[in-house]
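Report on the structure
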Amino acid sequence: MNTVTDNPHQIPAMEGRMSWNVPGAGKQCETWFRVFGDLKSEMRPLVILHGGPGVTSDYLTLFSDLTQKRFIPVVVYDQLGNGQHLDIYHDYDILGHSWGGMLGARHAVRQPGGLKRLVLMSAPASNKLWIDAQEVLRRKLPQSTQDVLDRCERAGKMESPEYQEAVQVYYAHYFCTLNPMPDALMESFGWLEKDPTVYFTMNGPSEFYITGPNKDWTIVDEAHKILVPTLLTNGWRDMAADSCVYPFFNLIPRVRWVQFADSSHMAHLEERQKYMEVVGQFLQE
């Protein structure tokens, strides 16, 4: 592990790599991580699970705001990975964004003893609800954009530049409304262009045309097993529409739902100060 200081607020940080034997891959895999703050302090660490699948954690490193303002140690990593490597498995919180929220929820239903609080950020309770929501949202796009999406999907041309440009219009409405999009976000999701293998395999060609095994994912039948205090968040114009997240609110016994009026899928970027305040207060109640 190396000590680094190249972060927004010059907070003491360390980064390193951990290796894992993954039977399904038939080889040893490696994961990068970064820790902001001091894991040996009395403050409970927050582990951040990034979205995707198939992107990196760069767009979530600004959660170091919580380290600067509240002294909460923050762990970000590029999946694979878990807390055992850092010796925090006995006492930690989790914040999962989008796909990362699906992972966080699945982890929480197992009721691990070390998990104390959970934040589900723009995460769907099932991919059927997600797909249904995307269909509603895309019908609100300009008609010309809808026509391109429909025509390319009928022709099986989802990898064409025309289709990808139409997808970017959709993202500008419901993924991130900031223009231009922050560099860290572009860096994370740029990996989908460099190597789309994971995303295409698990999801498919787009968020509203899911053909991979994630299509049938659901945790609706188990969400009631999440017993830790849970904060549920989404944006007013979020890809994770209310219909996607409502089962968490309905089924988790100790849950609070906060919606961000000026945000889409990236409330931590679009309403950064407010989002950090809401999460920070929840974690330290």
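Residues numbered from 1 in each chain as written. Predicted model: local features only at pLDDT ≥ 70, side-chain atom pairs only at ≥ 80, totals over all residues. Heavy atoms only, no water.

If you check an unreviewed UniProt entry, the protein chain appears there as AB hydrolase-1 domain-containing protein from Leucocoprinus birnbaumii.

**So, the overall build of the protein chain**
Summing up its helical and strand segments, the protein chain has 10 helices and nine strands in all. In summary, the protein chain has a C-alpha radius of gyration of 19 Å against a globular reference of 19 Å for 285 residues, a match within 12%. Seen through its C-alpha atoms, the protein chain measures out along the principal axes to roughly 55 × 40 × 40 Å. Residue burial in the protein chain is summarised as follows: out of 285 residues, 52% are buried. Sequence separation of at least 24 residues holds for 70% of the intrachain contacts in the protein chain that already meet a minimum separation of 6. A total of about 13500 Å² of accessible surface is found on the protein chain, and carbon and sulfur atoms cover 52% of it. With 26 positive and 34 negative side-chain charges, the protein chain shows a separation of 4 Å between the mean positions of the two kinds. (Helix = DSSP H or I, 4+ residues; strand = E, 2+ residues; numbered from the N terminus. Rg over C-alpha atoms; globule rule 2.2 N^0.38 Å. Buried < 20%, exposed > 50% of the residue type's maximum accessible area, 1.4 Å probe, protein only. Contact = heavy atoms within 4.5 Å. Areas by Shrake-Rupley, 256 points an atom, 1.4 Å probe, with all protein chains shown as cover. Lys, Arg positive; Asp, Glu negative; His and termini not counted. Charge placed at Lys NZ, Arg CZ, Asp CG, Glu CD.)

**Things to note about the pairing of strand S4 (residues 46-49)**
Neither face of S4 is open: one carries Leu-46 and Ile-48, the other Val-47 and Leu-49, and all of them are buried. When S4 meets strand S5 (residues 74-77), the two strands line up parallel, connected through three bridges. Residue pairing for S5: Leu-46 is matched across the bridge by Val-74. For the crossover from S4 across helix H1 (residues 65-70) to S5, the handedness is right-handed. Across four bridges, the pairing between S4 and strand S6 (residues 92-97) is parallel. (Pairing = 2+ DSSP bridges. Right-handed = clockwise from strand over helix to strand, strands pointing away.)

**Notes on the pattern of salt bridges**
Within this structure, the stated rule accounts for 14 salt bridges. Between Arg-44 and Asp-93 there is a salt bridge, with the nearest N and O atoms lying 2.7 Å from each other. Of the two residues, Arg-44 sits in the loop between strand S3 (27-36) and S4 while Asp-93 sits in strand S6, which places them 49 residues apart along the sequence. For Arg-44, a relative accessible area of 24% puts it in the partly exposed group. Residue Asp-93 is classed as buried on the basis of its relative accessible area, which comes to 2%. (Salt bridge = Lys/Arg side-chain N within 4 Å of Asp/Glu carboxyl O.)

**Some remarks on helix H4 (residues 143-155)**
Given 3.6 residues to a turn, an α-helix orients residues that are three or four positions apart in the same direction. Here H4 spans 18 Å end to end across 13 residues, near enough to the 18 Å set by a 1.5 Å rise per residue. All of the buried residues in H4 are Thr-145, Gln-146, Val-148, Leu-149, Asp-150, Cys-152 and Glu-153. Looking at the packing, one finds that the buried side of H4 touches helix H3 (127-138) and helix H5 (161-174). (Expected span 1.5 Å × (residues − 1).)

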